[in-house]
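# Working through the structure, step by step
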Amino acid sequence: MSTVAAVVLFTGVIAYAVLGGADYGAGFWDLTAGGAQRGRRPRHLVDESLAPVWEANHVWLVFCLVMLWTGFPAAFAAIMTTLYVPLGLAALGIVLRGAGFAFRKVMVRTDQQRVTGAAFALSSVVVPYFLGAVAGGIASGRVPPGGQGDPLTSWVNPTSVLGGVLAVLVCAYTAAVFLTAEARRHEDADLEAWFRRRSLATAVVTGAVALAGLFVLRADAPRLLDGLLSRALPLVVLSGVCGLTALLLLRRAAPRVVQILAVGAVAAVVGGWGVAQYPDLLGTHTTIAEAAAPAPTLWALTIVAAAALAIVVPAMALLFVLAQRGSLDTSH
Amino acid sequence: MADLTGVAGVLAADPEQLLPARQMMAFTLGFHIILVPFGVAFTAMMLIANWRGLRRDDEAALVLARRWSQVAGVLFAVGAVSGTVLSFELGLLWPGLMGRFGAAFGIPFAVEGLFFFLEAVFVAIYIYGWRRMRPWPHFWTGVPVVLSGIGGTSAVVAANAWMNQPDGFTLDDEGQVVDVRPLDVVFNDAFGYEAVHMLLAAYMVAGFTIAGVYAVGMLRGRRDRLHRLGLVIPLTVAAIATPVQVLVGDIAAREVFENEPAKFAMIEALPETGTRVPEVLGGVLVDGEVRYGIGIPLGASLLAGLDPDTEIQGLDAIPEEYRPADRLVNTVHIAFQVMVGIGMVLLALSAWYAWLWWRRRRQPDRVPDNRWFLRCVALSGVLAIIALEAGWVVTEVGRQPWIVVGYLRTAEAVTTTGNVWLFCGATVALYAALALGTFFVLRLLRHRWREAGELAEDDDPGGEGDVPYGPSRARSGTPA
């Protein structure tokens, strides 16, 4: 039963990494789009494609938090009392980001948009870095079972830096691929090329960092590396294959195909992390079974997750379909 | 409750993180709770306007619904992120609560997550669907927003109610949760009245606040149809909710008397257990005695048990190590009276509205435009928000020193690591910016709409046009 709950939790993590990640990455491109004049069109596309979906995508984070604290309360407390610095900063960053985005939509004057837009875009880069660093701290076993781990080295360490940098890159990559498809839908060839170039660049950089990361893990988190290269190897390979194929097809195939491959690459690598550390919950210790809440709670969570599958997933599908079909007018 | 107190630890000096953690939680929750009515109840008013617009082919009502949806969109975004901070804070500030009781306490939040998902999805469809969806299907996408708002609020209140009357779990000898009965956790004894009380409060706050905004506009001479509708729709909803709320509040108080005697003693600021207890209006507790209050003979006993001989437990019935300090008692006592007092004022206002309505029953347009009435409505929103905050203070401060009544003291749940003051300071600064930003953005919208008048914005050609930076297209060429 505890494994089922852990799978539910990790499914939430994957969903947030893909959907929330694409939103954060859109903020990355918003940040780097250049001056007011030059960056206007990419920003416009970011704004239009993000507006209807970002709140729904954001709920996945809340879903993960709730699953963790209800299903694995002791692990949740251990993580929170150890990694409170990056988590606290991420929480504040989330406020800045959401509010900045929502406010910018209403603003008209350039200087006002600049302030709110900067709040949105900067925090879009900072938050995934911190969340990635938190993942790195957990994966490398730096959260003691009873919590109260080192408040600094738990997130300032090689694996966390790798996690943070990878998170930012992966977000940027996913977003670039999504926005390429989005630009195609808007029949804007220039913008499509603009985002395609960036998909390509981030794909190459992400791949390189991931490869270099293997050496970081060998030195800093050998157990995680072991897991990645044994139990989780199929997923790691799948991720690599998806990523490479996406790279090769980027110029030729329909953006939709590339999009699916990119999602596959991200989902597989995040899932690979989960499989690599199985059956441990806190990286190298505290098994899922040890950390789990009593069975009835896990049942309740599974039922809620099943309800989410039955109700929320169709609703989100409806939202995405309407957004893709252009039934939602986000230009105001 | 007394037989359970052995579970909790011995009295110790408050840990140093307790004060900043409580300040921070209170500040962020107090901020978030003001946004709740606008995500939960305001959206219902928006749908009423939408319905009216479609049913009666009323262009003004449609413009109103469209504009309200834009306001709701901004407030929903701010509420979504400030709500997320609360989920982080539960772990960052209260790891003792989450680590020990997360298996029970977390269940209502899982249910809430489900509703939050639905709300986020349909809010987006509704807000952005105005122009390109067909009118009736678009209207129906708003309905899940209202329903999931009700469901989500109920679920969060269930978690709060559980802290007041914990149920649905079994502890082992070490105090660890070993068995959980999820339904008992959610449907605990305090759930029913707390949830209904909060939902009605949300409808009152949203109704009086929005009506207040339009009342100010009317007082300044803007009496177009938009303003009249904007006054009548929310005010009618609030005026219907208010008398029901007074009844529900009365039931809730009696439930608290039955089930949470310590909180009730704080509400009444009653030093000693007794019968024929007077109801003391105002007053503060100093050294075990209530001073400066006006007593209504037999009042408290009559209200609590409908019988002057009803015995009410005083603060002396609380074991000394769990007895709240006088300043906490006074906070709860005064907050309760503020809440009830405002409730009565709003009840009178609702009655006045009903009377004006009835008097104008033969006139085609029943909108009251009496200046004194409008002035009162203008104030009512602020009053309703104060009452909401006061009620929340009663239930939260009234539970102290417990975080889970009878099981876990707030001081035991608080974090022991980090510098909470720093985090608290950063949060206050950020939220101040958030509040200012929200205010500024709403003013901007108002300005834009004032320029457009009663027209839907897409009927207004020209306008502010393109801007060099950022995503905006011609603002005035687009609706909603």
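Only a predicted model underlies this, so the values are computations on that prediction, with no experimental measurement involved.

Definitions and cut-offs
- Residues numbered from 1 in each chain as written.
- Chains lettered and ligands numbered in written order.
- Predicted model: local features only at pLDDT ≥ 70, side-chain atom pairs only at ≥ 80, totals over all residues.
- Heavy atoms only, no water.
- Patch = residues over 30% accessible without salt bridge, like charges linked within 9 Å, V, L, I, M, F, W, Y side chains within 5 Å.
- Areas by Shrake-Rupley, 256 points an atom, 1.4 Å probe, with all protein chains shown as cover.
- Salt bridge = Lys/Arg side-chain N within 4 Å of Asp/Glu carboxyl O.
- Helix = DSSP H or I, 4+ residues; strand = E, 2+ residues; numbered from the N terminus.
- Disulfide = S-S within 2.5 Å.
- UniProt positions renumbered as here; feature names shortened; annotations may be inferred.
- Core = buried A, V, L, I, M, F, W, Y, C linked by side-chain atoms within 4.5 Å.
- Buried < 20%, exposed > 50% of the residue type's maximum accessible area, 1.4 Å probe, protein only.
- Contact = heavy atoms within 4.5 Å.
- Axes fitted to C-alpha atoms, helices over the stretch in contact; angles between N-to-C directions.
- Parallel < 35°, antiparallel > 145°, perpendicular 65-115°, else oblique.
- Left-handed = near helix turned anticlockwise from the far one by under 90°.
- Nonpolar A, V, L, I, M, F, W, Y, C, P; charged D, E, K, R; others polar.
- Buried area = accessible area lost by both parts, 1.4 Å probe.
- Polar contact = N/O pair within 3.5 Å; in protein donor to acceptor, adjacent residues only side chain to side chain.

### Side note on a nonpolar patch on the surface
Together, Leu211, Leu214, Phe215, Leu229, Leu233, Val237 and Val241 of chain A make up a nonpolar patch on the protein surface, roughly 630 Å² of accessible area in all. Tracing the backbone shows leucine 211 of chain A in helix α8 (residues 189-220).

### Looking at the state of the cysteines
Per the stated rule, a full pass over the model turns up zero disulfides over all chains. Cysteine cysteine 242 of chain A shares no disulfide, and the gap to the nearest cysteine sulfur, in cysteine 171 of chain A, comes to 18 Å.

### Digging into the UniProt feature "transmembrane region" (unreviewed entry) in chain A
Residues and elements named next belong to chain A. In this structure's numbering, the residues bearing the UniProt feature "transmembrane region" (unreviewed entry) are residues 6-29, 75-96, 117-139, 159-179, 200-219, 231-250, 257-278 and 298-323. The span residues 6-29 is 100% helical and 0% strand by assignment, and the distance between its end C-alpha atoms comes to 33 Å. In residues 298-323, helix accounts for 100% and strand for 0%; the two terminal C-alpha atoms are 35 Å from one another.

### Quick notes on the nonpolar core
Residues Phe72 of chain A together with Trp68, Trp94, Leu97, Phe101, Phe105 and Leu231 of chain B are the most contacted members of the largest nonpolar core, which totals 254 residues. If we skip the residues at most four places from it in the chain, tryptophan 94 of chain B touches Leu18, Ala21, Arg22, Met25, Glu89, Ile403, Thr410, Ala413 and Val414 of chain B. Core analysis: the second largest hydrophobic core is formed by 16 residues, Phe10, Ala139, Leu225 and Ala267 of chain A among them.

### Some thoughts on the packing of helix α7 (residues 158-185) of chain A against helix α11 (residues 255-277) of chain A
Residues and elements named next belong to chain A. α11 packs onto α7 with a crossing angle of 165 degrees between their chain directions and a minimal axis gap of 9 Å. With respect to α11, the element α7 is oriented roughly antiparallel. The crossing of α7 and α11 is left-handed. In contact with Val170, Tyr173, Thr174, Val177, Phe178, Ala181 and Arg184 of α7, α11 contributes Pro255, Val258, Gln259, Ala262, Val263 and Val266. When grouped by side-chain class, the residues that make up the contact of α7 with α11 number 10 nonpolar, two polar and one charged.

### Side note on the pattern of salt bridges
Residue and element names in this part refer to chain B. If you walk through the whole model with that rule in mind, you get 21 salt bridges over all chains. Put simply, arginine 225 and aspartate 58 hold a salt bridge, and the shortest N to O gap is 2.2 Å. Of this pair, arginine 225 sits in helix α8 (residues 225-259) while aspartate 58 sits in the loop between α2 (42-55) and α3 (59-93), placing them 167 residues apart in sequence. On the basis of relative accessibility, which here comes to 30%, the residue arginine 225 falls in the partly exposed class. Exposure remark for aspartate 58: the relative accessible area of 8% places this residue in the buried category.

### Brief notes about the interface of chain A and chain B
In this complex, chain A contributes 74 residues to the contact, which on the side of chain B involves 75 residues. Between chain A and chain B lies a buried interface of about 6,700 Å² when both sides are counted; carbon and sulfur atoms form 74% of it. The tally of links from chain A across to chain B stands at six residue pairs in polar contact (both at pLDDT 80 or more). Elements with a minimum of two residues in the side of chain A that touches chain B: α2 (40-50), α3 (54-71), α4 (73-82), α5 (84-106), α6 (110-139) and α13 (295-325) of chain A. Top element by residues in the side of chain A that touches chain B is α5 of chain A. It accounts for 15 residues. For the side of chain A that touches chain B, the class distribution of residues is 47 nonpolar, 18 polar and nine charged.

### Focus: the environment of leucine 445 of chain B
Tracing the backbone through its elements, the reader meets leucine 445 of chain B in helix α14 (residues 420-452). Residues leucine 445 of chain B and arginine 67 of chain B lie 378 residues apart in sequence; the distance between their C-alpha atoms is 8.6 Å. With residues up to four places along the chain from it excluded, the contact list for leucine 445 of chain B reads Val106 of chain A together with Gln70 and Val71 of chain B.

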